[in-house]
Amino acid sequence: MSTRPYHAAIFGATSAICIETLRAMAREKTTKLLLIGRHPGRLESVANDLRSRGAECTTLVADFLDPKTNWLQILTDNAQSDPWDLLLIAHGSLPDQDTTLRDPESLAAELHINFTSPAVIAAACAQILVKQNHGTLAVFGSVAGDRGRGSNFIYGSAKAGIDTFLAGMRHQFSQHRKIKIVTLKPGMTDTPMTSHLPKGPLFSSAEAVGTQSWRAIQSAPPVAYLPGWWKFIMTLIRILPSSLLHRTKL
Amino acid sequence: MTATKTFHSWGKLRPATAKLLAPAWIPNDLPGTGPFLAYGLGRSYGDSCLLDGGTMIETRFLDRIQHFDPQTGILRAESGITLAAILRFCVPKGWFLPTTPGTSQITLGGAIANDVHGKNHHSAGCFGNHVRMLDLLRSDGSRHTLRPGDPMLAATIGGLGLTGLITSAEIQLVPIRSAHLDVELTRFCGLDEFMEISASSSETWEHTVAWIDCVASGNSLGRGIFIRGKWSDRGDLSTHRTARLTAPFEMPGFTLNRFTVQAFNTLYYRRFLGKTKTLHQHYAPFFYPLDGVNEWNRIYGKPGFYQYQCVTPTAAGTEPMKQILTKIAASGQASFLAVLKTFGDVPSPGMLSFPQPGITLALDFPQRDPATRDLFLQLDEIVRACHGRLYPAKDARMNARDFSQTYPQLESFKSFLDTKFSSDFWKRMTSATTPS
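Residues numbered from 1 in each chain as written. Chains lettered and ligands numbered in written order. Predicted model: local features only at pLDDT ≥ 70, side-chain atom pairs only at ≥ 80, totals over all residues.

> Could you give me a rundown of the overall build of chain A, with the residues and numbers involved?
When you go through chain A residue by residue, the secondary structure sums to 9 helices and 9 strands. In terms of overall size, chain A behaves like a compact globule, its C-alpha atoms giving a radius of gyration of 18 Å where 250 residues would be expected to give roughly 18 Å. Referenced to the eigenvectors of the C-alpha coordinate spread, the extents of chain A come out at roughly 55 × 40 × 35 Å. A buried classification covers 41% of the 250 residues belonging to chain A. (Helix = DSSP H or I, 4+ residues; strand = E, 2+ residues; numbered from the N terminus. Rg over C-alpha atoms; globule rule 2.2 N^0.38 Å. Buried ≥ 20, exposed ≤ 12 C-beta atoms within 10 Å, placed from the backbone.)

> Could you give me a rundown of the sheet that holds strand S3 (residues 56-61) of chain A, with the residues and numbers involved?
All names here are of chain A. Overall, parallel pairing links the 7 strands, which are arranged S3-S2-S1-S4-S5-S6-S9 in an open sheet. Looking at which strands have only one partner, the edges of the open sheet turn out to be S3 and strand S9 (223-226). Looking at each pair of strands side by side, their axes are set apart by 20° on average, direction ignored. Sheet analysis places strand S1 (residues 6-11) next to strand S4 (residues 86-89), joined by 4 bridges and oriented parallel. When the sheet's bridge partners are listed, Ile-10 is paired in S4 with Leu-88. (Pairing = 2+ DSSP bridges. Axes fitted to C-alpha atoms, helices over the stretch in contact; angles between N-to-C directions.)

> Describe in detail the interface of chain B and chain A, supporting the description with residues and values.
Taken together, the contact between chain B and chain A spans 13 residues of the former and 11 residues of the latter. With 4 residues, strand S5 (residues 65-69) of chain B is the single largest residue contributor to the side of chain B that touches chain A. A breakdown of the residues in the side of chain B that touches chain A according to their chemical character gives 9 nonpolar, 2 polar and 2 charged. (Contact = placed C-beta atoms within 7 Å. Nonpolar A, V, L, I, M, F, W, Y, C, P; charged D, E, K, R; others polar.)

> Could you give me a rundown of helix H1 (residues 83-90) of chain B, with the residues and numbers involved?
Counting buried residues along H1(B), 6 of its 8 residues qualify, which places the element largely inside the surrounding structure. Where H1(B) is buried, its residues meet S5, strand S6 (74-78), strand S7 (95-96) and helix H2 (108-113) of chain B.

> Account for the pairing of S6(B), naming residues and giving values.
Residue and element names in this part refer to chain B. Where S5 meets S6, 4 bridges bridge the pair, whose relative direction is antiparallel. Residue pairing across strands places Phe-68 opposite Leu-75, the latter belonging to S6. Between the antiparallel neighbours S5 and S6 lie 4 residues, among them Gly-73 with a positive phi of about 75°.

> Summarise the sheet that holds strand S20 (residues 358-366) of chain B; cite the residues concerned and give the values.
As a general point, the strands of a sheet are linked pairwise by backbone hydrogen bonds and lie either parallel or antiparallel. Residue and element names in this part refer to chain B. Pairing is antiparallel in the open sheet, where 8 strands are placed in the order S16-S12-S14-S13-S19-S20-S18-S21. Looking along the sheet, the strands with just one partner apiece sit at the ends: strand S16 (276-282) and strand S21 (389-390). The pairing of strand S13 (residues 207-212) with strand S14 (residues 223-231) spans 6 bridges and is antiparallel. Bridge pairing in S14 links Ile-212 to Gly-224. Running at roughly 10° to strand S18 (residues 305-313), helix H9 (residues 371-385) makes contact with S18, S20 and S21 of the sheet.

> Please set out the pairing of S20(B) residue by residue, giving values where relevant.
All names here are of chain B. Within S20, 8 of the 9 residues are buried, leaving the element largely enclosed by the surrounding structure. When S18 meets S20, the two strands line up antiparallel, connected through 9 bridges. Residue pairing in the sheet places Thr-312 in a bridge with Ile-359 of S20. Sheet topology note: the strand S19 (residues 338-343)/S20 ladder contains 6 bridges and is antiparallel. The residue bridging Ala-338 from the neighbouring strand is Leu-363, located in S20.

> Go over the packing of helix H5 (residues 104-132) of chain A against helix H6 (residues 153-172) of chain A, please, and point to the residues and values.
Residue and element names in this part refer to chain A. One can describe the packing of H5 onto H6 by two numbers: an axis separation of 9 Å at closest approach and a directional angle of 15°. Classed by the angle they form, the pair H5 and H6 counts as roughly parallel. As H5 packs across H6, the resulting crossing turns out to be right-handed. Where H5 approaches H6, its residues Leu-107, Glu-110, Leu-111, Asn-114, Phe-115, Pro-118, Ala-119, Ala-122 and Ala-126 are matched on the opposing element by Ile-154, Tyr-155, Ala-158, Lys-159, Gly-161, Ile-162, Phe-165, Leu-166 and Met-169. In terms of residue class, the contact of H5 with H6 is built from 14 nonpolar, 2 polar and 2 charged. (Parallel < 35°, antiparallel > 145°, perpendicular 65-115°, else oblique. Left-handed = near helix turned anticlockwise from the far one by under 90°.)

Okay, here's the thing in structure tokens:
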């Protein structure tokens, strides 16, 4: 086992925080990665970057919103020859709150990409890990899921859903000591997804958050705030009485 | 979603408000009508990286390595990757940048568009001398793969981002055995002694530069420390750390005055006893002494600052530079960040590349207009008379006539312009009614 490369499959491998997580992983370990995403060109450019950094990469084009795609079969087949050490779910989308609220179709699509799709994938991944009795399932949630706030509750509620879903799975699989389920909760991060937002002191670089994600994946706590001080901030925001919260524009 | 954003250059003199494009992937075309300008990390000092009222394309998310050959040291990457990120990648493998400016916080695309130079200019030439290939996206949607010999490459190297969007580039790295350098510091007094040490160093020392005290006058006029280094055989291949310190806020204007600067310079000049001192130094403090403090430009406070960088040609001798130093010392306006270096005769690859054989001086001035601009006008006269020139990447106030007369390839350059690209610098240089 010790000479075997670290074997991981990544859903939504083209997100900025995820790329940094994989770069941090490739710096420290011999890795064998399966990168899964929607855009073949983007997947390939991420794969080339990671290959330059020493990772062995294959790519798989799949639409997570389409239940008929073959990722599940490929993951299951792969696990038989080489068990997964990590299944990482990283896709998501930060919608423009106001326009999305006025368009039921795009509202449904946003909830789907941020909750339904990762939940469906997480459930399937957990089964694979149970079968091999080994491995970590890590999913990107967000601090936005810790309390519904006027400025981004579409994204926040979907991330809250994922948080609860994973908490429930941890409970369900608590007897399986060799399986870890981790919710990664990045705070505000400087990525293309947030490029239009003004940057305050609370923003972290994608590189810092990615490096800490990799640390968290290894130590595998149930929930990891990235960086850790977001736990403190979100505790305050959670206990803030509504009468006060409603006076803010958070 | 088109957002607008306020952009600053490093000198923080005049912000620009522009529509923002922040592509996460190399785009196939440029949406909208423009005018466009690429923006990396905003380390240009003046207005060459700004386009007020236009569309600015932030390139920093285009940071992926496309290919690296560990045998030959050839690296191909997207244009928004920083020199710092390249070093973190290649130093442990025993490779280094072929040449580097005094900060690693710039993008690959920015290094090419400004054809930056470094301490080894006398042997390595400019950054553009080591570009093997680059991809350019023009506003008409056409893509061009440019190689040495292609005139469009010569226009794009040092072309201030005006020929289109550089999307990726291939450069040749150089092998190193250690991440450390053997360094020698030598005190000098006056430009003649600087020239002597410089001439005797150029054959045997790969990297040379000098810090010069531009505040001291009288007997101390032109005192400085000559810094020369070569790659060491001793030491590991460790990379630099990310900066731990950040300048917390914009300091009040009075922090930097004649007395604090003089005190700093005296301390710096007296930092070792005797004539010389040898050091075994990591590349980070040697090449990037200021990268240890994030946002150090805040020490100049709200009014911002200028950097004046000129070159006086070899043929003119040392007299013009002596006049410049005397004038600056007499003005009492200079700050402590002053750099003196001799450029070698490696031909610059770009039509608008700044370096030419001679002596270059770069130093910061807190913005105290009109006094600061008045001083620059006097310095311009000296530079003009000796057929020297100024560096667009540092400039916020150059005279358009000086620009057109001192960059002889400007007319050929213009035929390679992307008509939908522009910059505040370019508008200043080409508008019909230019104030001097």
